[in-house]
Amino acid sequence: MDGGMAGDRIEALIAEMTLAEKLGQLSMLAASLVVTGPVLPGDPVDLMRKGRVGGILNTWGHDEIREAQRVAVEETRLKIPLYFAVDVLHGHRTIHPIPLAEACAFDRDLWLRTARESADEATRDGIQMTFAPMLDVCRDPRWGRISECAGEDAYVNCEYARAKVRGFQFDAKDPQRRMFGVAKHFVAYGAVTAGRDYAEVDVSRRALHEVYLPPFKAAVEEGVAGIMPSFTDVAGIAMTAHRGLLRDLLRIKWGFKGIVISDYNAIGELIPHGVAHDMAEAATLALKAGIDIDMMSGAYEDGLPVALERGLVTMDEIDTAVRRVLHMKEAMGLFENPLRGLEKISPGPDTIPEHRVSARDAARRSLVLVKNEGDLLPVSKNGSNIAAIGPLADKPGEMMGPWCMAGEEKEAIGFLQGLREGFPDCTVQHARGCPTDDAIDPGELALAIETARESDVVFLCLGEDRQHCGEAASRTLPRPPACQMELARAIIATGKPVVLVIATSRPWILPDWMVDGARSVVIAMFGGTEAGRAFADVVGGEWNPSARLCISWPYRVGQIPVHYGMRNTGRPHDPNNGFSTNFLDAPIGPRWVFGDGLSYTNFELGELRIDKTIAGASDIVHVEMAVTNAGGRAGEATIFLFAHDPVALVTRPMLELKDFAKLLIEPGETRTAAFALPVSRLAYPGFDMEPRLDDGRINILAGTSARRENLKSVSLEVQQRMTA
Ligand code: BGC
């Protein structure tokens, strides 16, 4: 239907709707395979029948969707179809690595592909909307939700946002396989105080404009359909009521035309936030800030009629939100085909084998090898005795991570099965050794020690359970629990070569003895349905590890937040100067920094070349670096391009990522990492937070991680009057 006819239909509907029906369109109900918050009273089917529900979250599958939609289009007065939304963050039925792991692949094509495949599966299950991508830049491993984002860097989160929005919304050739994305949680949720979930956020305007807002801007530029404000406040203003950010910035300045959806119960939570006395005030604040859809608080339903009576809101304001919801349903194609995309058989790894292959590829591209002393890895496949020890060694279900709503545990592959399949000529013994986080049983520990002693190499698989990561899973000590420490000590003490495998959703603070005692360390995080096979591909050498950390791993909790983009300060760190910025009891930097990661081959970097040394504001500077594979096997190099502005109006980070590239290089071959860097990307927010570029020198640096000592650099002179 063309825009005009659609517009007419929508206006005709609005003219005919009662207030209750309008508020129904603005209400999203959890009906309910999975509930992630409080549940509203009343029979959901009865509410649907009365037109009191506009869309449903957390329901999927042929029979469920068909029946709910039948009620909407046959039994309601106006026959307006429902929309269905689920948190499809890293896979629907086939589960991909958690975002924090997948971001480590630094691979835009991969990010796009897994989003497209997720949309493909979810739309076949009747879903038209996902609450993703999650774009909360985070530098705090205490926060459980760090697992959902693309790590510590704003630019990576921007690129991740673009790829995910394209993959969910636009990449499928068949329009029925496109899913609306809702970028969340706007904004700075990743900066909750002390990493405590839902806590206050008190960040500077500069941090907002430099770090937290850009990924959302990228998503909006890419055409994301929706935005979800975060539960939290920012500097005392609850995001659910934030007119400055939701209305003035997002809608007016950025020109966002899509839908704004509250987080679960967040409008009602304006009361405990202490900015509304009752539901009428809460609903008023949210509506006036530009929130169209109330997810599960009942505030629009109960509060807006009272707000209208009190003269706090107008019918026009309500109609504006209703219009947006109906336009969204129109754009989803639901008026034409309420069962759009739905298929009888739920698609998953068993029904779409290509997705399983793709998930395995995604998982191996996301595994980061950070230590490999004496080239312990890859392990020989010829008859060695392998031990898979630890609470995560045989936990396939946990590999799916926090948002795996439709993922089936029975389809997931854990480390043990992966090793058994991948090393058919080896003996693979298993002993759990201890639970994930509980008292250790001496008999179980003894068995694990015995199993280690009988082996040639031990994979010591430590980590957390997936219900201990994600939402409402903050920790003051993100580190191995006591029982896992005890197990690790005992296994390392056997003297056998140990590969430490970390299956967590966040950086863990590891004790030095554990890292020193392990010959190799693999950061596996949660790799999804195919985690175990992907792991075996890497440790067996079928896949040369290519991932790099998108998040720094601190030495100590007290260093948090620690990330590569720190400022120089007025007293730059100097180990020989007691009055420079420093810790008395810990190094200044993290244990593993952004970009760290090893390969089974070595890359040698040539000098950095630049096609001009002086450039104007609208120029594009071409930067190149030759990369040679000096080792014995093919491998993928990741080259990061950074900038450092040494003198500006405000202090600048010592390094800022501006681009990255991946190159597959054969042994002995040299390839070129080539970047087209727009000079405008070197701008920074000035005093007024508008992009500002100064004349003068900017250092351009490149290399394989954010370790400054290993970067090659050139300098560029910016002279804005030169061109344009
Ligand atoms: C989370 C959101 C999620 C929503 C719906 C909330 O608790 O904060 O990220 O989209 O639930 O499941």
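Every chain's residues receive numbers from 1 upward, in the order its sequence appears when written. The predicted origin of the model limits local features to residues at a pLDDT of at least 70 and limits the giving and counting of side-chain atom pairs to 80 or more, whereas totals for whole chains, interfaces and linings rest on all residues. Only heavy atoms go into the side-chain values, all of them from the structure, while hydrogens and water stay out.

Regarding the side chain of Asn-544
The test is simple: A run of DSSP states H or I qualifies as a helix once it reaches four residues; a run of E qualifies as a strand once it reaches two. Both are numbered from the N-terminal end. Here the term buried applies to any residue with accessible area under 20% of the maximum for its type, exposed to any over 50%, and partly exposed to those in between, with areas from a 1.4 Å probe on protein chains only. Pairs of residues are marked as contacts when any of their non-hydrogen atoms sit within 4.5 Å.
With respect to the element layout, Asn-544 can be found in the loop between helix 20 (531-539) and strand 17 (603-610). Residue classification places Asn-544 among the buried positions, given a relative accessible area of 5%. Apart from the residues within four sequence positions on either side, Asn-544 is in contact with Ser-599, Tyr-600, Thr-601, Arg-633, Ala-634 and Gly-635.

Some points on the site of the ligand
Under the convention used in this document: By convention in this text, a residue qualifies as near a molecule or strand provided that one of its non-hydrogen atoms is within 4 Å of it. In the analysis that follows, any N or O atom pair within 3.5 Å is treated as a polar contact, provided that within protein one partner can donate a hydrogen and the other can accept it, and provided that, for residues neighboring in sequence, both atoms belong to side chains. Here the Shrake-Rupley method, with its probe set to 1.4 Å, supplies the accessible areas, and only the displayed protein chains count as covering residues. Throughout this entry, Asp, Glu, Lys and Arg are counted as charged residues, while Ala, Val, Leu, Ile, Met, Phe, Trp, Tyr, Cys and Pro are counted as nonpolar. The remaining residues, Gly among them, count as polar.
Close contacts around the ligand come from 14 residues, with Asp-87, Arg-145, His-185, Asp-263 and Glu-471 the closest. In the environment of the ligand, an oxygen atom lies 2.5 Å from a nitrogen or oxygen atom belonging to the side chain of Asp-87. In isolation the ligand has 310 Å² of accessible area, and contact with the protein removes 100% of it. Looking at the shell around the ligand, its residues break down into seven nonpolar, two polar and five charged.

Let's talk about the sheet that holds strand 12 (residues 385-389)
The cut-off we apply is this: Strands pair, by our definition, only if DSSP identifies at least two bridges between them. Lines fitted to the C-alpha atoms define the axes, with helices restricted to the stretch that makes contact. Angles between their N-to-C directions range from 0 to 180 degrees.
One open sheet accounts for six strands, arranged 11-16-15-14-12-13; its pairing is mixed. Two strands lie at the open edges of the sheet, namely strand 11 (368-372) and strand 13 (427-431), each paired on one side alone. Taken pair by pair, the neighbouring strands of this sheet meet at an average axis angle of 15 degrees, ignoring direction. Relative to strand 13, strand 12 is paired through five bridges, and the arrangement is parallel. Each residue of the ladder has a partner; that of Asn-385, found in strand 13, is Thr-427. Each of strand 12, strand 13, strand 14 (457-463) and strand 15 (498-503) is contacted by helix 16 (residues 415-422), which is oriented at about 170 degrees to strand 13, the strand it contacts most.

Examining the nonpolar core
Under the convention used in this document: To form a nonpolar core, buried Ala, Val, Leu, Ile, Met, Phe, Trp, Tyr and Cys residues must be joined to one another through side-chain atoms within 4.5 Å. The domain limits used here are those given by an automatic or database domain assignment.
Formed by 212 residues in total, the largest nonpolar core has its most connected members in Phe-186 and Phe-459. The residues that make up this core include at least three from each of domain 1 (355-559) and domain 2 (603-723). When residues no more than four places from it in sequence are discounted, the contact partners of Phe-459 are Leu-377, Val-379, Ile-386, Ala-387, Ala-388, Ile-389, Leu-419, Val-499, Val-501, Phe-535 and Val-539. Among the nonpolar cores identified, the runner-up in size contains 26 residues, and Leu-608, Ala-643, Ile-665 and Ile-698 belong to it.

Re the sheet that holds strand 1 (residues 27-30)
Taken in spatial order, the eight strands make up an open sheet running 9-6-5-4-3-2-1-10, and their pairing is parallel. Unpaired on one side and paired on the other, strand 9 (259-260) and strand 10 (294-295) mark the two borders of the sheet. Two strands pair when backbone bridges link them, and strand 1 and strand 2 (residues 55-57) are joined in this way by three bridges, in the parallel orientation. Bridge pairing in strand 2 places Ala-30 opposite Leu-57.

A short note on the environment of Asp-465
Among the secondary structure elements, Asp-465 is positioned in the loop between strand 14 and helix 18 (482-493). By relative accessible area, which is 10% here, Asp-465 ends up buried. A sequence separation of 57 residues divides Asp-465 from Glu-408, and the C-alpha atoms of the two residues are 16 Å apart. Once residues within four sequence positions are removed from consideration, Asp-465 is found in contact with Lys-395, Glu-398 and Thr-436.

Describing the domain arrangement of the chain
As a reminder, the rule being used: Buried area: the sum, over both parts, of the accessible surface (1.4 Å probe) that disappears when the two are put together. One speaks of a salt bridge when a side-chain nitrogen belonging to Lys or Arg is within 4 Å of a carboxyl oxygen belonging to Asp or Glu.
Here the domain parsing of the chain yields domain 1 (355-559) and domain 2 (603-723). Here domain 1 and domain 2 have C-alpha centroids that lie 35 Å from each other. Taken residue by residue, the interface counts eight residues in domain 1 and nine residues in domain 2. Looking only at domain 1, the three residues that lose the most surface to domain 2 are Asn-544, Ser-546 and Arg-548, adding up to 72% of its buried area. On the surface where domain 1 and domain 2 come into contact, there are one salt bridge.

A word on the packing of helix 16 against helix 20
Keep this limit in mind: Orientation labels follow simple angle bins: below 35 degrees gives roughly parallel, above 145 gives roughly antiparallel, 65 to 115 gives roughly perpendicular, and whatever is left gives oblique. Handedness of each helix crossing follows the sense of rotation of the near helix against the far helix: counterclockwise by less than a right angle gives left-handed, clockwise gives right-handed.
Packing of helix 16 against helix 20 brings their axes to within 7 Å, and their N-to-C directions diverge by 50 degrees. Here helix 16 is positioned oblique relative to helix 20, judged by the angle of their axes. Considering how the two elements wind past one another, helix 16 and helix 20 form a crossing that is right-handed. Taking contact as the criterion, the partners of Phe-415, Gln-417, Gly-418, Leu-419, Glu-421 and Gly-422 in helix 16 are, on helix 20, Gly-532, Arg-533, Phe-535, Ala-536 and Val-539. Looking at side-chain class alone, the contact of helix 16 with helix 20 contains five nonpolar, four polar and two charged residues.

Regarding the pattern of salt bridges
For side chains of opposite charge, pairing can occur when their charged atoms come near one another. On inspection of all chains with the given rule, the structure shows 69 salt bridges. A salt bridge links Arg-162 to Glu-221, with the shortest nitrogen-to-oxygen separation between them at 2.7 Å. Highlighted residues: Arg-162 in helix 7 (residues 154-170) and Glu-221 in helix 9 (residues 214-221), separated in sequence by 59 residues. Looking at Arg-162, the relative accessible area reads 22%, which means it is partly exposed.

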